[in-house]
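For reference, the chains in residue letters:
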Amino acid sequence: MKLKLTILALGLALVTLSCKKQSVSSSQEQFPEVKLENDYLAFKDYATFFKYYQLNSTLSDSERLKWEQSLSFSSLTTLYNKFNNELDVLEKGTKESYFSGFKSLQQEYKGAILFTDDSYKINSSGIRESALANKKGIIKVGNDYLYASEKGITTYKETTYQKALEMIESKISTELNGRAPNPNSFTSNIGGWYIINKDRGRVLFRMKLYNINSPVFGYQSFSSLEGMAEHKNIFGTYRDVRMSANFTPVSGKTPGMSVWYDHIPADLSGDVKYINLNPNYFDGLYNVERFDRVLAISEGLQGNISAIDPNARGNAQFINYVVVPRLSNNPNVYWKTVGLLFTEFSVMIQPGGVFSNPEVLFSPFIMFDTQDGGVVNQ
């Protein structure tokens, strides 16, 4: 508890730098680490953004809301939770009122939430990003604007907020996903959802790769696994439910992953490392609605990972990862592609709470295509 309060105090202390002060003699006061501009957060630089990117993932919902309120900010995560609360109310009504109200909510939350005939998802590349983005998915870092949509992170370099919105609308990008990270950048390569259906429930997993480049870090990389569980309600709509997940040993093999490298400017696309994953990776991920936990980080990033409260294991995302050794002393090497090896998952979901619908236990499964995803029926 003491460590958790320490981290929260650190977050609030950092936020304090963003408040307007009467004296402007200090450079920290003139250039706060993070502040609110219009309705989006503006971070001083990429190193600062990455610090908050980590720390925010350790906060509970109530702690995150206090942090947002201290900045007069409302995140995409908060908007998504508000939508779910409104849908909870509709579920208690009649079939007619549910579908009528659901249709109205689709119009109200269009863009922030992606809808299909029987499901919906937050329009974000991940939990960490949605907690820092506004309802349009925008985060400002330095003079750049990051757009964190469900498909990945797109960077609009050295532009204005309005121009960034125009380019998002016209699907123009100044930096392609999955490519070499330009100086001062944060890029992603988001795999497709791997969906396993069983009865009225389903689980969705996807693998993600991030590259960051800043004067503080140089070129660094990390990869994470995002998972969520859904179950159809009485009206046939897939809704978030709680899940528990773990590794399942495959013929005595140790769960692992592959990391393929590339180099700037030369091509090192043939260089690869195979590493074992941390066997305790899933520790603490019991009875959670979704997770987005880091699998592995590059060696040079290790000293820049903030201390994480071990008591917040259900929320913390930068724990139980493995550190991938450097490929060489060349500082311009980054991760091009990642994949899973001998990695099988076991998942149980619990729709509607312990005393409601029975749990759904999925047969062990392997993500055969981490790039494009796929659908499996059990």
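See the structure printed just above.
What you see is a predicted model; the values in this text were computed from it and never measured. Sequence order sets the numbering: in each chain, residues are counted from 1 along the sequence as written. Reporting in this predicted model follows two pLDDT cut-offs: at least 70 for local features of residues, and 80 or more for side-chain atom pairs to be given and counted; totals over whole chains, interfaces and linings ignore these cut-offs and use all residues. Derived side-chain values reflect all non-hydrogen atoms in the structure, with water molecules and hydrogen atoms excluded from consideration.

## What to know about the nonpolar core
Test applied: Side-chain atoms within 4.5 Å link the members of a nonpolar core, which is a set of buried Ala, Val, Leu, Ile, Met, Phe, Trp, Tyr and Cys residues. In this scheme, a residue with accessible area under 20% of its type's maximum is buried, one over 50% is exposed, and one in between is partly exposed, where area comes from a 1.4 Å probe on protein chains only.
In terms of nonpolar packing, the biggest core is built from 37 residues, with F205, L225, M243, M257, F282, F345 and I349 touching the most fellow members. Among the nonpolar cores identified, the runner-up in size contains 32 residues, and F43, A133, I297 and F318 belong to it.

## Quick look at helix 5 (residues 76-91)
Condition: Under the scheme used here, helices are H or I runs from DSSP no shorter than 4 residues and strands are E runs no shorter than 2 residues, and both carry numbers assigned from the N terminus. Multiplying one less than the number of residues by 1.5 Å gives the expected span of a helix. We call two residues in contact when some of their heavy atoms are within 4.5 Å. Polar contacts here mean pairs of N or O atoms no more than 3.5 Å apart (in protein, one a potential hydrogen donor and the other a potential acceptor; neighbouring residues in sequence count only if both atoms are side-chain atoms).
If you check helix 5, its first and last C-alpha atoms are 23 Å apart, about what 16 residues at 1.5 Å a residue would give, namely 22 Å. Within helix 5, burial applies to L76, T77, T78, L79, Y80, F83, N84, L87 and L90. In this structure, the buried side of helix 5 is in contact with helix 4 (61-70), helix 6 (95-108), strand 3 (113-115), strand 4 (120-122), helix 7 (127-130) and strand 12 (238-248). Sitting at the amino-terminal end of helix 5 is S75, which places a side-chain oxygen 3.3 Å from the backbone nitrogen of T77.

## Some words on the sheet that holds strand 17 (residues 333-341)
Put simply, the test is: A pair of strands is labelled paired if DSSP reports no fewer than 2 bridges between them. Convention adopted: a line fitted to C-alpha atoms gives each axis, helices being fitted over their contacting stretch, and angles between N-to-C directions are expressed from 0 to 180 degrees.
Here three strands make up an open sheet; going across it, the order is 14-13-17 and the pairing antiparallel. Where the open sheet ends on each side, the last strands, each with one partner, are strand 14 (272-276) and strand 17. Strand-to-strand twist of the sheet, defined as the mean angle between neighbouring strand axes without regard to direction, takes the value 25°. Relative to strand 14, strand 13 (residues 256-263) is paired through five bridges, and the arrangement is antiparallel. Looking at the pairing, S258 lines up with Y274 of strand 14.

## Some words on the pattern of salt bridges
To be explicit about the condition: By definition, a salt bridge exists where a carboxyl oxygen of Asp or Glu is found within 4 Å of a side-chain nitrogen of Lys or Arg.
In this structure the tally under the stated criterion is 18 salt bridges. Among the salt bridges present, the one from E68 reaches R64, with a minimum N-O distance of 2.8 Å. With E68 and R64 both in helix 4 and four residues apart, the pair spans about one turn of that helix. In terms of burial, E68 and R64 fall into one category: buried.

## Section: helix 3 (residues 46-55)
Counting buried residues along helix 3, nine of its 10 residues qualify, which places the element largely inside the surrounding structure. Along helix 3, the residues that are buried comprise Y46, A47, T48, F49, F50, Y52, Y53, Q54 and L55. Where helix 3 begins, one side-chain oxygen reaches toward the backbone nitrogen of A47, 3.4 Å away; that side chain belongs to D45.

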